Amino acid sequence: MEEKVAVYPGSFDPITYGHLDIIKRALKIFDKVIVAVAHNYDKKSLFTHTERVEMIQDALKGHPNVTVESFEGLLMEYMKGTNARVVLRGLRATSDFEYEYHMASMNRSLNQEIDTLFMVTGKDYFFVSSRTIKEVASLGGSVEGLVPKNVAQKLREKFAQQKRGQKS
Ligand code: PNS
C-alpha cells in the first residue's frame, strides 16, 4: 500500500508545543510527517536555520516517523522532490484563516496535485505562537509548558547573549 506522507512546513522560529501537538496528531493519520523548515530570507528570524532544525530534531527524538528537512524557494517546488501530496498547516483562530486561505489557494494554483490540510490547534495551545513566545521570553517571562524544555533553554541563552551584546 502507498505510504501516506504529509509535509508540515513553517519557519519554526522556534517550534512550540502547538506545532508538536499538530505533528503528533498528524501521525495518527499519516504514516510519515516531514517537518520542512523554511529558509526565509525575507523574514528576520531569531534563531538561525541550523538552530531551528536542531531544536526540532531534539524535540522530536523518539518519533521515527518524523523527519526534519529544509527547503528554500517555493514550497510547491520542494514538494515535487517528496512523495507527499498533502501540506499540513495548523489553524489557531479566525485571524490565521485569511493568511492560510491565501497561501493554500496560491499553492493550489501552482500545483493542483497538492492539497493543504488544516488541523485545528489543540485547545491548550490556541494562544501560542512563535512570535508571542519570543516576546514573552525576551521580556523575562516564563514560557514553560508552552515550548519544549530544550527550546525554553535556547530562548534563555539567546536573549542573555543579546543582552550581553547590547552592554558591550
Ligand atoms: O511558520 P510560517 O512562517 O507561517 O510558515 C510560512 C511558510 C514557510 C510555510 C510559507 O511562507 C512558505 O511556504 N514559504 C515558501 C515560499 C512559497 O512557497 N510561497 C508561496 C505561497 S504564498
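Placed above this text is the structure.
Residues numbered from 1 in each chain as written. Predicted model: local features only at pLDDT ≥ 70, side-chain atom pairs only at ≥ 80, totals over all residues. Heavy atoms only, no water.

(A) Representation of the sheet that holds strand 4 (residues 86–91). Taken in spatial order, the five strands of this open sheet run 3-2-1-4-5, and their pairing is parallel. The open sheet terminates on both sides in strands that have one partner only, identified here as strand 3 (66–71) and strand 5 (115–120). Strand-to-strand twist across the sheet, computed as the mean angle between neighbouring axes with direction ignored, equals 35 degrees. Sheet topology places strand 1 (residues 5–10) next to strand 4; two bridges connect them, and they run parallel. Looking at the pairing, alanine 6 lines up with valine 86 of strand 4. Sitting on the sheet, helix 4 (residues 94–110) is in contact with strand 4 and strand 5, with an inclination near 170 degrees to strand 4. (Pairing = 2+ DSSP bridges. Helix = DSSP H or I, 4+ residues; strand = E, 2+ residues; numbered from the N terminus. Axes fitted to C-alpha atoms, helices over the stretch in contact; angles between N-to-C directions. Contact = heavy atoms within 4.5 Å.)

(B) Region of the structure containing the site of the ligand. The environment of the ligand is made up of 14 residues, and the closest members are Ser11, Lys43, Leu74, Leu75 and Arg89. At 2.5 Å, a side-chain N or O of serine 11 approaches an oxygen atom of the ligand. Take arginine 89: an N or O atom from its side chain is 2.9 Å from an oxygen atom of the ligand. Look at the ligand: alone it shows 550 Å² of surface, and the protein chains cover 75% of it. Elements represented by at least two residues in the shell around the ligand include exactly strand 1 and helix 4. Counting residues per element, the shell around the ligand draws most heavily on helix 4, at four residues. Its residues assigned to classes, the shell around the ligand shows eight nonpolar, four polar and two charged. (Near = heavy atom within 4 Å. Polar contact = N/O pair within 3.5 Å; in protein donor to acceptor, adjacent residues only side chain to side chain. Areas by Shrake-Rupley, 256 points an atom, 1.4 Å probe, with all protein chains shown as cover. Nonpolar A, V, L, I, M, F, W, Y, C, P; charged D, E, K, R; others polar.)

(C) How the structure looks around the pattern of salt bridges. Inspection of the entire model under this criterion finds eleven salt bridges. Aspartate 13 is paired through a salt bridge with lysine 134; the nearest N and O atoms lie 2.8 Å apart. Remark: lysine 134 occurs in helix 5 (residues 130–138) and aspartate 13 occurs in the loop between strand 1 and helix 1 (17–26); sequence separation between them is 121 residues. Here arginine 89 and glutamate 100 are joined by a salt bridge, their closest N and O atoms 2.8 Å apart. Of this pair, arginine 89 sits in strand 4 while glutamate 100 sits in helix 4, placing them eleven residues apart in sequence. Of the two residues, arginine 89 and glutamate 100, both sit in the buried class. One network of salt bridges, in which partners are shared, links Arg85, Arg108 and Asp115. (Salt bridge = Lys/Arg side-chain N within 4 Å of Asp/Glu carboxyl O. Buried < 20%, exposed > 50% of the residue type's maximum accessible area, 1.4 Å probe, protein only.)

(D) Looking closely at helix 5. Those residues of helix 5 not exposed but buried are Ser130, Ile133 and Ala137. One side of helix 5 carries all its buried residues, which in axial view fall inside an arc of 60 degrees. In this structure, the buried residues of helix 5 make contact with helix 1 and helix 6 (149–167). Of the residues one or two after helix 5, glycine 140 is the one with positive phi, at around 85 degrees. (Arc of directions from axis to C-beta.)

(E) Structural context of the pairing of strand 3. Across six bridges, the pairing between strand 2 (residues 32–38) and strand 3 is parallel. The residue bridging valine 37 from the neighbouring strand is serine 70, located in strand 3. The β-α-β motif built from strand 2, the intervening helix 2 (residues 49–59) and the parallel element strand 3 has right-handed crossover chirality. (Right-handed = clockwise from strand over helix to strand, strands pointing away.)

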